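# A look at the structure
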Amino acid sequence: MQWETVIGLEIHAQLATQSKIFSGSATTFGAEPNTQASLIDLGMPGVLPVLNEEAVKMAVKFGLAIDAEIGRKNVFARKNYFYPDLPKGYQISQYELPIVGKGHLDITLEDGTVKRIGITRAHLEEDAGKSLHEDFHGMSGIDLNRAGTPLLEIVSEPDIRSAKEAVAYVKAIHALVRYLGICDGNMNEGSLRCDCNVSVRPKGQAEFGTRAEIKNVNSFRFIEKAINHEIQRQIELIEDGGKVIQETRLYDPNKDQTRSMRGKEEANDYRYFPDPDLLPVVIEQDFLDTVRATLPELPQQKRERFQAEFGLSAYDASVLSASREMADYFEQVAGICGDAKLAANWVMVELASLLNKSDLEIEQSPVSAEQLGGMILRIKDNTISGKIAKMVFEAMANGEGTADQIIEAKGLKQVTDSGAIESMLDEVLAANAEQVEQYRASDEAKRGKMFGFFVGQAMKASKGKANPQQVNELLKKKLEG
């Protein structure tokens, strides 16, 4: 039987506010347990929540960026459930009237096609605390530092049909929230977490199959692996005569498998009702206009501009606009050297390789945009060849100064004096007289291979400093003269 996969994702993005959504406690990651939890976060009797306006601005910013309906009147509700890291016994969230309504996001698939993924809603809520199991023998510790941290929960339509599409969608959300400056996107620290709702159905069937939800997957690689495993599990279960049950599952990356965590709750299990301590949030047109004015150029717009303005391919534009920092770095390099294609090649190949090897982000690059742009200028004016440029780049990465300082200190300036190159070539040909005779006696096909030998000898004699183009031209004349 042919199966079709149906996937919907719920992404929790931790908003980059300095304080929590309903209290003045800090949101800094990595503090000592329970040092960033106020009486409000601890759920003490008599305390009242006060809404953080910055969290509202960030949610509206996201809504505008995905072309969504903004809930001009949105309401906070209490989602009631008991868990040790939830001291109030309920979580403040939004249910019937969320701040962001229907929107969409376009994703680019591996074959270059663009697919539109619907977004059902995005709502504000507070995070719960964290249960710690590692350091306590037979017991669990509770850290409430995270309790009350503002989250934006982004719920997709079930429009995704494969694990690869799911990863493309999460990457697009990840890039977008970072472009907007509303979330740092650090998945290792839990700033962006994903719940994957997965079901399968026979191809051609209209009704959805029973879904299982995989909770809190925190890397692109694990999202793909968890979904693929779950698809396989469900297909095998149905084909063996079993039934998929609606439940919440966890992904274990060590065993590369999902396992049952608990039966899946329905909305009525949580007994949602409007929070009596929080007034409805009314968003005026002036507020919307002010937030709209702060929107940056978004990833899709930047990709299109890079193609139109710099003549880059769709692939190159997509790679260079993957993050705001990468795009800014590239534009700075291109602005300095005046050659977008050359700038794109150096950023995507040499710089990307350096960052990858050193496990660094672009903002931690040991080679600044000014340094790289300055070095590309020296390639363009024939001060150095592309080959020598790699040595200069390596020296810049090691902190040895600017391209000009390195070229001067190491004597790497390219030889462009044709008289000096001719003299050096005469010596090379004299030292390889036998090969010269063989070259002249050979047919065109053999000459092509042998020519490379002479070029290599010439570049070796000049220690790589001779201008390769001049070497090729002068060598051809001498060998055929």
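Since this is a predicted model, take the numbers as computed values, not measurements.

Reading the values: rules and limits
- Residues numbered from 1 in each chain as written.
- Predicted model: local features only at pLDDT ≥ 70, side-chain atom pairs only at ≥ 80, totals over all residues.
- Heavy atoms only, no water.
- Helix = DSSP H or I, 4+ residues; strand = E, 2+ residues; numbered from the N terminus.
- Rg over C-alpha atoms; globule rule 2.2 N^0.38 Å.
- Buried < 20%, exposed > 50% of the residue type's maximum accessible area, 1.4 Å probe, protein only.
- Contact = heavy atoms within 4.5 Å.
- Pairing = 2+ DSSP bridges.
- Phe/Tyr/Trp six-rings, centres within 6.5 Å; stacked < 30°, edge-to-face > 60°.
- Lys NZ or Arg CZ within 6 Å of the ring centre and 35° of its normal.
- Salt bridge = Lys/Arg side-chain N within 4 Å of Asp/Glu carboxyl O.
- 1 Å grid on protein atoms, 1.4 Å probe; cavity = no way out; pocket = protein on both sides within 12 Å on 5 of 7 lines; lining within 4 Å.
- Points joined across faces, edges and corners; volume = space filled by probe spheres on them.
- Nonpolar A, V, L, I, M, F, W, Y, C, P; charged D, E, K, R; others polar.
- Axes fitted to C-alpha atoms, helices over the stretch in contact; angles between N-to-C directions.
- Parallel < 35°, antiparallel > 145°, perpendicular 65-115°, else oblique.
- Left-handed = near helix turned anticlockwise from the far one by under 90°.

Within the protein, the secondary structure is distributed over 15 helices and 15 strands. A compact globule built from 481 residues should have a C-alpha radius of gyration of about 23 Å, whereas the protein, at 30 Å, is more than 25% larger. Projecting the C-alpha coordinates of the protein onto the three principal axes gives extents of approximately 95 × 55 × 50 Å. Buried positions account for 47% of the 481 residues belonging to the protein. Considering only intrachain contacts with a sequence separation of at least 6, the fraction spanning at least 24 residues in the protein is 68%.

Read across the sheet, 3 strands follow the order β4-β3-β14 without closing on themselves; strand pairing throughout is antiparallel. Of all the strands in the sheet, the pair left with one neighbour each is β4 (90-94) and β14 (273-274). Here strand β3 (residues 76-80) pairs with β14 via 2 bridges, running antiparallel. When the sheet's bridge partners are listed, R78 is paired in β14 with F273.

Now for the pairing of strand β1 (residues 3-14). Most of β1 is tucked away: 11 of the 12 residues are buried. Of the pairings in the sheet, the one linking β1 to strand β9 (residues 150-156) comprises 5 bridges and is antiparallel in character. Bridge pairing in β9 links E10 to V155.

A few words on the packing of aromatic side chains. The geometry of an aromatic ring pair comes down to the distance between the two centres and the angle between the two planes. Considering all chains together, one arrives at 9 aromatic pairs under this definition. Their ring planes at 65° and their centres at 5.9 Å tell us that Y81 and Y270 sit as a pair that is edge-to-face. Here the residue Y81 occupies a position in the loop between β3 and β4, and Y270 occupies one in the loop between β13 (257-263) and β14, the gap between them amounting to 189 residues. For Y81, a relative accessible area of 27% translates into the label partly exposed. Arranged with centres 5.6 Å apart and planes meeting at 55°, the rings of F306 and F310 form a pair that is tilted. Linking F306 with F310, this pair stays in helix α5 (residues 299-310), spanning 4 residues, or about one helical turn. Like F306, the residue F310 is buried in the burial classification. Seen from the ring of Y270, K79 lies directly overhead, with NZ or CZ sitting 4.5 Å from the centre. Positioned above the aromatic ring of F220, the side-chain terminus of K171 is 5.5 Å from the ring centre.

Oppositely charged side chains can form a pair if their charged atoms are brought close together. Inspection of the entire model under this criterion finds 31 salt bridges. A salt bridge links E230 to R249, with the shortest nitrogen-to-oxygen separation between them at 3.3 Å. Of this pair, E230 sits in helix α3 (residues 220-239) while R249 sits in strand β12 (residues 247-252), and the two are 19 residues apart along the sequence. Judged by relative accessible area, E230 falls into the buried class, the value being 0%. For R249, a relative accessible area of 7% corresponds to the buried category. One network of salt bridges, with partners in common, ties together E297, K302, R305, E309 and E331.

Another point: empty space enclosed by the protein. Applying the stated criterion across every chain yields a total of 2 cavities of 30 Å³ or more. Looking at the largest cavity, its volume works out to about 60 Å³. What lines the largest cavity is D41, D85, L86, P87, K88, Y90, E126, D127, A128, A147 and G148. The residue makeup of the lining of the largest cavity, split by class, is 5 nonpolar, 1 polar and 5 charged. In this structure, the second largest cavity spans a volume of roughly 30 Å³. As for the second largest cavity, its lining consists of K20, I21, F22, S23, I40, D41, K88, E126 and G148. Residues belonging to the lining of the second largest cavity are distributed by class as follows: 3 nonpolar, 2 polar and 4 charged.

The mixed open sheet is built from 8 strands, whose spatial order is β5-β6-β9-β1-β10-β11-β12-β13. A single partner strand is all that each edge strand has here, and the edge strands are β5 (103-108) and β13. If you compare each strand with its neighbour and ignore which way they point, the axes differ by 30° on average. In terms of strand pairing, strand β10 (residues 192-202) meets strand β11 (residues 212-217) through 4 bridges, oriented antiparallel. Within β11, the position partnered with V198 by the bridge is A212. Its contacts with the sheet put helix α2 (residues 163-180) on β1, β5, β6 (114-126), β9 and β10, and the angle it makes with β5 is roughly 115°. Of the strands in this sheet, β1, β10, β11, β12 and β13 touch α3, which is tilted by about 25° from β10.

Now for the packing of helix α1 (residues 53-65) against α2. The contact between α1 and α2 brings their axes to 10 Å, and the two run at 125°. With respect to α2, the axis of α1 lies oblique. The hand of the α1/α2 crossing is right-handed. Contact residues: α1 offers K61, F62 and A65, while α2 offers I173, L176, V177 and L180. Residues that form the contact of α1 with α2 fall into these classes: 6 nonpolar, no polar and 1 charged.

In this section: the pairing of β3. Remember that side chains alternate between the two faces of the sheet whenever the strand is regular. Counting buried positions along β3 gives 5 out of 5 residues, so the element sits mostly inside the fold. Burial along β3 is two-sided: the residues F76, R78 and N80 and A77 and K79 are all buried. Sheet analysis places β3 next to β4, joined by 5 bridges and oriented antiparallel. When the sheet's bridge partners are listed, R78 is paired in β4 with I92.

A separate point is the side chain of T5. With respect to the element layout, T5 can be found in strand β1. Apart from the residues lying within four places of it in its own chain, the contact partners of T5 are I160, R161, V198, S199, V200 and I231.

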